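# Examining the three-dimensional arrangement
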Amino acid sequence: MRLLSTISLKHVGLTVSTCLFVLAIACQTNKSGEPTPDPNPTVPGGGITYQTTPVAFRKPANFPDVVYNLSQNPLTVEGVALGKALFYDPALSRDTTISCGFCHQQFAGFGHSDHPLSHGIGGKFGTRNVPGLQNLAWSREFFWDGGVTNLDELPITPIQNPVEMDLKFSDALNRAQKSPKYPSMFKAAFGSDTVTTARFLKAISQFLLTLVSADSRYDKYVRKEAGGDLSTDELAGLTLFQQKCVTCHATDLFTDKSYRNNGLPVSPGINDQGRYVITLSEADRLKFKVPSLRNVEKTFPYMHDGRFATLDQVLTHYTTGVKDSPSLDPALKANGQLGIALTDSEKKQIISFLYTLTDDTFINNRAFSAN
């Protein structure tokens, strides 16, 4: 399942579960319609129906405030475990061969380095590159065009996409319900063994919310922690990056979450118009979401269509390859000049800095892996 790639299916609604927990009391209903259980749910007479183990969400000191409403979906050991199982389960595709983890591979920063374009069931290819999954609690919109605006709705699109998992979402729920392993996991996480839309999606969100990448050498440098030493070239690259790149790749998330036309010629045979397909506004034609540069060493190939294999090719595009168009980002045509002026030496220094954004702890964290 390619959660952040290929064709976004706009306006996919989140089916609201109306089932209440049997025997649970002292509950309140949140906006999704799913009951939020009391930390110690009881039945008349004082018996405990079920109890989950809270997981503290990690907010790095150098990160801005999260935008995901954690109060509507508190992280628990049981919920995260369920979400992880669903994330890596190929049974949620039509022919039981494709899972989320098939395309979002941990060693590649939860991207996919094997192909420029995403591919799924039957070897079919999509039209966009698979970006890495990380720090999703800080995002309000998803996919290259922002076609999904709620993390809890995100899995519906790749599950149903005919070139990804190609399975009706209702069938995915039915398969989970009939599986010998899932009812007990839903019971542990939500107090009921009934697989509902809201529980299914919230569980996957809980796992995705744990994918916080904030332990690169750069992070340790800015937080003044051990292991945060940067070389002369890396520091020079950081200075250049702050001068040349932070207009788009802002904050320590290394993206401002905006949509921009960065001067790429339209891909032959694909004619992807980007954000325009969502808004139908001419101002959004050829604009794509600014990706984070965290773990960028691992998330090749680059750009929305994976056309560049190396970071050197990316920077060469910005120095000599920018194509003008009505929606080209103003930062790329300042003073009447297209692109960003960089010498070969400066490009090497920026790349040296970008390598300091690799988070080996994140890449190798067994808590995120399939086993």
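As shown above, the structure is provided for reference.
So, here is what we can say about the structure in this document.

The rules behind each value
- Residues numbered from 1 in each chain as written.
- Predicted model: local features only at pLDDT ≥ 70, side-chain atom pairs only at ≥ 80, totals over all residues.
- Heavy atoms only, no water.
- Core = buried A, V, L, I, M, F, W, Y, C linked by side-chain atoms within 4.5 Å.
- Buried < 20%, exposed > 50% of the residue type's maximum accessible area, 1.4 Å probe, protein only.
- Helix = DSSP H or I, 4+ residues; strand = E, 2+ residues; numbered from the N terminus.
- Contact = heavy atoms within 4.5 Å.
- Disulfide = S-S within 2.5 Å.
- Salt bridge = Lys/Arg side-chain N within 4 Å of Asp/Glu carboxyl O.

## Observations regarding the nonpolar core
Nonpolar side chains in soluble globular proteins tend to end up buried together. Counting 50 residues, the largest nonpolar core has Leu86, Phe200 and Leu208 as its most contacted members. Going through the elements one at a time, helix H1 (77-87), helix H3 (156-160), helix H4 (169-178), helix H5 (182-190), helix H6 (197-209) and helix H12 (360-363) are the ones with two or more residues in this core. Of the residues forming this core, the biggest block, 7 residues, is contributed by H6. Setting aside chain neighbours within four positions, we find Phe200 in contact with Leu86, Leu92, Ile159, Phe169, Ala172, Leu173, Ala176, Phe186 and Val195. Counting 26 residues, the second-largest nonpolar core is a separate cluster that includes Phe308, Leu328, Ile351 and Leu357.

## A word on the state of the cysteines
Evaluation of the coordinates by the stated rule reveals 0 disulfides. Looking at the unpaired Cys245, the closest cysteine sulfur is the one in Cys248, lying at 8.6 Å. We classify Cys245 as buried; its relative accessible area is 15%.

## Topic: H1
Burial runs high along H1: 9 of the 11 residues are buried. If you check which residues of H1 are buried, you get Glu78, Gly79, Val80, Leu82, Gly83, Lys84, Ala85, Leu86 and Phe87. Here the buried face of H1 lies against helix H2 (100-103), H5 and H6.

## Digging into the pattern of salt bridges
This structure, assessed with the given rule, holds 14 salt bridges. Salt-bridge contacts for Asp329 lead to Arg260; the nearest nitrogen and oxygen are separated by 2.8 Å. Within this pair, whereas Asp329 is found in the loop between helix H10 (311-321) and helix H11 (344-355), its partner Arg260 is found in strand S3 (residues 259-260), the two being separated by 69 residues in sequence. Among the residues examined, Asp329 registers a relative accessible area of 9% and is labelled buried. For Arg260, a relative accessible area of 18% corresponds to the buried category. Residue Asp344 pairs with Lys347 through a salt bridge whose shortest N-O separation is 3.7 Å. Within this pair, Asp344 and its partner Lys347 are both found in helix H11, separated by 3 residues, close to a single helical turn. By relative accessible area, Asp344 is classed as exposed at 56%. Via salt bridges that share partners, Arg58, Asp215, Arg223 and Glu225 belong to a single interconnected network.

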